[in-house]
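Next come the chains, spelled out residue by residue.
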Amino acid sequence: MFSDCRFGSVTYRGREYRSDIVVHVDGTVTPRRKEISRRKHGTSHLMAEEELHELLEEKPDSIIIGSGIHGALKTGFRSEATVLPTCEAIKRYNDERSAGKRVAAIIHVTC
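Attention here is on the structure that accompanies the text.

The rules behind these values
- Residues numbered from 1 in each chain as written.
- Predicted model: local features only at pLDDT ≥ 70, side-chain atom pairs only at ≥ 80, totals over all residues.
- Heavy atoms only, no water.
- Disulfide = S-S within 2.5 Å.
- Helix = DSSP H or I, 4+ residues; strand = E, 2+ residues; numbered from the N terminus.
- Buried < 20%, exposed > 50% of the residue type's maximum accessible area, 1.4 Å probe, protein only.
- Phe/Tyr/Trp six-rings, centres within 6.5 Å; stacked < 30°, edge-to-face > 60°.
- Pairing = 2+ DSSP bridges.
- Axes fitted to C-alpha atoms, helices over the stretch in contact; angles between N-to-C directions.
- Core = buried A, V, L, I, M, F, W, Y, C linked by side-chain atoms within 4.5 Å.
- Contact = heavy atoms within 4.5 Å.

**Some thoughts on the state of the cysteines**
Linking two cysteines covalently through their sulfur atoms gives a disulfide. All told, the structure shown has one disulfide when counted by the stated rule. Linked covalently through their sulfurs, Cys5 and Cys87 form a disulfide whose S-S length is 2.1 Å. Between Cys5 and Cys87 the sulfur-sulfur dihedral comes to about -90°; the bridge is accordingly left-handed. Of this pair, Cys5 sits in strand S1 (residues 2–6) while Cys87 sits in helix H3 (residues 86–98), and the two are 82 residues apart along the sequence. Residue Cys5 is classed as buried on the basis of its relative accessible area of 18%. The exposure class of Cys87 is partly exposed, given its relative accessible area of 36%.

**What about the packing of aromatic side chains?**
The tally for this structure, following the rule as stated, stands at three aromatic pairs. Taken together, a centroid distance of 6.0 Å and an interplanar angle of 70° make the contact between Tyr12 and Tyr93 edge-to-face. Here Tyr12 is found in strand S2 (residues 9–12), whereas its partner Tyr93 is found in helix H3, with 81 residues between them in sequence. You can call Tyr12 buried: its relative accessible area is 2%. For Tyr93, a relative accessible area of 0% corresponds to the buried category. An aromatic cluster of at least three residues, connected via ring pairs, comprises Phe2, Tyr12 and Tyr93.

**Notes on the sheet that holds strand S7 (residues 62–67)**
In space, the five strands of this open sheet follow the order S5-S4-S10-S7-S9, with mixed pairing throughout. Looking at which strands have only one partner, the edges of the open sheet turn out to be strand S5 (29–31) and strand S9 (82–84). Neighbour to neighbour, the strand axes of the sheet diverge by 20° on average, direction disregarded. Looking at chain direction, S7 and strand S10 (residues 103–108) are connected through six bridges and run parallel. Opposite Ile65, over in S10, you have Ile106 as the bridge partner.

**Some points on the nonpolar core**
Nonpolar side chains tend to gather and get buried jointly when the protein is soluble and globular. Counting 16 residues, the largest nonpolar core has Phe2, Val10, Ile21, Val23, Tyr93 and Ile107 as its most contacted members. Of all elements in the fold, only S1, S2, strand S4 (21–23), H3 and S10 reach the threshold of two or more residues within this core. Residues Val25, Leu73, Ala81 and Ala104 belong to the second largest nonpolar core, which totals 12 residues.

**Observations regarding the environment of Gly66**
The residue Gly66 is located in strand S7 in this model. Given a relative accessible area of 0%, Gly66 falls into the buried group.

**Here we look at the environment of Leu52**
Here Leu52 lies in the loop between strand S6 (46–47) and helix H2 (53–57). Accessibility expressed as a relative area gives 2% for Leu52, which makes it buried. Between the alpha carbons of Leu52 and Ser79 there is a distance of 9.4 Å; along the sequence they are 27 residues apart. If near-sequence neighbours (up to four positions away) are discounted, Leu52 is found in contact with Ile63, Ile65, Phe77, Ser79 and Ile106.

As structure tokens, this is what we get:
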């Protein structure tokens, strides 16, 4: 579960992350693969749909995208993912996990 959210970092399961992360259905964390969006859009502040492919293979009940503290990260696609400013996104993630859902997340920690 997430326990802290501030500009430039989030805390998940007691560990602080200062860069964008992906939280998989099983709760493991990997770095966000921003290079996918950089190649497609020339920036990592416009998320490419391909960033979701790995998570979709895990068959989550939901995917939550934390779009940054100020919500500046945009998605360049239509999806069933829930996109919220990061602090709201981690609250939603915690709520869904507490309800027993298989949830995954991509969390942007700045802007």
